[in-house]
Structure formats: C-alpha cells, structure tokens
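Commentary on secondary and tertiary structure
Okay, here's what each chain looks like letter by letter:
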Amino acid sequence: MGFSKVLHIAGLGVSGSYLLRRLSQSGFDVSGYEPKRPGFYVPCGYAVNLNRLRDLLGNVGMNADDYLEIKAGSVTFASDTGISIKLPSSGFCTIDKNRLEYDILRDLKYERKVAPYLPNGNDVMIDATGVSRYYLGPAKGDLLMRTREYLTNTAPKGDFYFRYFPSGRGYYWEFPLKNGFHIGAGGDTIEIVSDALKDVRDPLRVMSRNIRLSPLFDQATKGNIIGVGEAIGTVSPITGEGIVPSMESAEILFQNISRYDDLDDLKERYTSDIKKKFQRYVKLFSLLKNARSGNLKKLGNLSAISSAKEDFENFGIQLEIMRVLKQIAFT
Ligand SMILES: Cc1cc2nc3c(=O)[nH]c(=O)nc-3n(C[C@H](O)[C@H](O)[C@H](O)COP(=O)(O)OP(=O)(O)OC[C@H]3O[C@@H](n4cnc5c(N)ncnc54)[C@H](O)[C@@H]3O)c2cc1C
C-alpha cells in the first residue's frame, strides 16, 4: 500500500530536497520546485549533530561525514552578565550545508521556479517553503525572530559559542568553519541584532532572514497541502536548531506516505506523529514565552527543563542544562 496521488514539493531546502530524494528513490510520482539560483548562499549557522545527520543521510545513500567542516570539542554558553559554561559536545559540528543541499538534488528532476499555485483533484502539494509557508499561508500564534549572520575570516571567541540575551530575547552565536566563521544574532528587533553584532569587522558576506520560533503542528495541513520543516515550525525555540529536525519531519512524512493511500488518513497520522516527535518544542516555546513575559516561576516551566535537556542533547551538546537555563539563558 502507499500513496497513489501525484506529489508536488514546493521548496527544496534541506527538508524538501531530502523528501524529493527519498520519494524519488522509492518510485513515487513526485515533482519539485525551487526558484533560488544554484550556489545561493543560504543564511544558516550550519551547525548539526553529526550522529543524527548520519542516520538521515544513510536513508538516501549519502554520507554525512563527506560534509563535515569542524567538529566541536565543547561549546561555550554565556550570558550578557558575564557568566559562562563550557559543555562537552557529543556530535556537535558544522557542515557544508550548501554543498549538501546541492548534492541531495543531484540527478533528480525538478524545476527552477516557484511551484504552480494550488493543484487540485489528484494532486497533493507539500509545502517545504520554510519561513514563508507560501502554500499553507499565515498561521495563528506564529512567532518569527529577526536574524542576521556574517561569514568572516576571524571571530572574537574563535570557537563554538552561544551568548543568550536577557529574558529570552534572543542570542548571539559563533560557529567555526574550515575557512572562516559564521557569526550571527537573532532577536526580537533589528536593534538588538545590530547591537550584538557591532564588533564584527569586514564580513565576507552578510545574510539576513527570519527564523520561526513557534511550533505550528496544529496548522501543518490544509486541504490538499501538507507542510514539512520550518513551514510547520520544526525549529528549536531555544537553540534555533532546524536542519536535522526539518529533515526528520520529512522522514516522518515519507513514512506516512509509504503507509497510507487516503489523504485524510495520511494527514491525521502525519500530524499525530509530528506532535509526538516534536512535543518538546511545544513545551520550550511556552517556556520561552514565559521567560519573555517574566513568568519563569510558573510551575509548568519545570516540565520544560527535561525538554531542554533532550533538546540540547539532540543538537549534540551534553547535559548540565538545568545549570545553563538557571544561570544563563533566562536570567
Ligand atoms: C541565521 C540562521 C541561522 C541558523 N542556524 C542554524 C544552525 O546552525 N543549525 C540548524 O540546525 N539550524 C539553523 N537554522 C535553522 C535552519 O536553517 C532551518 O530551520 C532549516 O534550514 C529549515 O529547512 P527547510 O527545508 O524547512 O526550509 P528552508 O531551508 O528555508 O527552505 C525553504 C525553501 O523554499 C524555497 N521557496 C520559498 N517559496 C517557494 C515557492 N513558492 N515555491 C518553491 N520554493 C519556494 C526557498 O527558496 C527555500 O529554498 C538557522 C536559521 C537562520 C535564519
């Protein structure tokens, strides 16, 4: 059994390109659309947990180690008040994400254009358009954060480094690459972002885009449209990790497409599996909102502590999360 309708994937970032490869290799009738030009430099820190990426790329006959840039020994977390903690890495690294996206699409058929608007009848549109949710449309309760990132030759800390702003208002990061660094900041306003990055000199590239902080799992499907990746909020509200989670959401969709032929069954099972897998994001988003409104003493926040630990470990950063959250992230 499996889905027999025609599938269209709009957006070939990590989630859409992974899904296109996975479906094509399994013989599904699928087409892909992506308007960005080849080699376009995607704004992203390129940090992942190599172990989780290995599992996913193994599904499509690729090797995550081919894309490794720099492996982290440890990651420093700091606050604006000067406290800092070094946490050991367990797989945290940077990869060449641009090359990975290029290679995932190798030998696959897709069109370099915006997807045709709303197919109907026997067609299903998969919205993998990231922050824009081009086909699913605006969502209730959506929260985006402004970001800016630089590609540089040098970096003030020169290692894997996060600094959280007070009251969950955003963070600054430095991630080493083979040839340089990604230095970036995300925050509620462009002023917060600009201030955090004011000491960066002579960037080789400047990139900017919003990132989604809100899980939108109740708004992951609409009619004959099914969302994956950042379009449905598979991004950690506390670290901004979205590469592997977005590919994981695509894998969950692939599994359900392989199992169900009826569109309603498929949408229901997919949504339920997504909620189960990314439950922690719902808790962490609530924690983030409480931090922003000064309600951190609420009892419900306690259950978010184990979600935070799980979230950091998934990203490839070990333990001691309670200490980090208490002392740094939301002071
Ligand atoms: C500054 C910054 C730094 C980040 N750093 C990290 C990091 O270090 N580690 C990490 O794990 N995550 C990071 N993230 C998050 C991560 O980049 C994203 O969550 C992840 O790439 C989402 O993948 P996606 O495939 O769902 O969406 P995207 O990668 O955003 O892909 C969406 C694609 O859809 C295309 N598109 C848009 N509209 C249409 C249309 N109508 N038709 C066809 N195509 C369309 C776009 O051109 C784009 O290629 C960062 C994000 C930002 C903004």
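Below is a short write-up of the structure. Note that the structure is a prediction, hence the values are computed from the model and not measured.

Thoughts on the environment of S246
Residue position: S246 is located in helix 5 (residues 243-259). When the C-alpha positions of S246 and E34 are compared, they lie 17 Å apart, and in sequence the two are 212 residues distant. Contact partners of S246, with chain neighbours within four places excluded, come to S15, G229, E230 and T234. For S246, the side chain forms a polar contact with the main-chain oxygen of G242, separated by 2.6 Å.

Some thoughts on helix 2 (residues 50-59)
For helix 2, the full list of buried residues reads L50, R52, L53, L56 and L57. The arc that holds every buried residue of helix 2, seen down its axis, measures 155°, which confines them to one face. Where helix 2 begins, the side chain of N49 points an oxygen toward the backbone nitrogen of N51, at a separation of 3.0 Å. Just downstream of helix 2 lies G61, where phi reads positive at about 70°.

Remarks on the packing of helix 1 (residues 14-25) against helix 3 (residues 97-104)
For any two helices packed against each other, the geometry comes down to the angle between their axes and how far apart the axes lie. At a closest axis distance of 9 Å, the pairing of helix 1 and helix 3 adopts a crossing angle of 30°. Considering the angle they form, helix 1 stands roughly parallel to helix 3. Like other packed secondary-structure pairs, helix 1 and helix 3 cross with a definite hand, here left-handed. Taking contact as the criterion, the partners of V14, S17, Y18 and R21 in helix 1 are, on helix 3, K97, E101, D103 and I104. Here the contact of helix 1 with helix 3 is built from residues that sort into three nonpolar, one polar and four charged.

Rules of the game
- Residues numbered from 1 in each chain as written.
- Predicted model: local features only at pLDDT ≥ 70, side-chain atom pairs only at ≥ 80, totals over all residues.
- Heavy atoms only, no water.
- Helix = DSSP H or I, 4+ residues; strand = E, 2+ residues; numbered from the N terminus.
- Contact = heavy atoms within 4.5 Å.
- Polar contact = N/O pair within 3.5 Å; in protein donor to acceptor, adjacent residues only side chain to side chain.
- Buried < 20%, exposed > 50% of the residue type's maximum accessible area, 1.4 Å probe, protein only.
- Arc of directions from axis to C-beta.
- Axes fitted to C-alpha atoms, helices over the stretch in contact; angles between N-to-C directions.
- Parallel < 35°, antiparallel > 145°, perpendicular 65-115°, else oblique.
- Left-handed = near helix turned anticlockwise from the far one by under 90°.
- Nonpolar A, V, L, I, M, F, W, Y, C, P; charged D, E, K, R; others polar.

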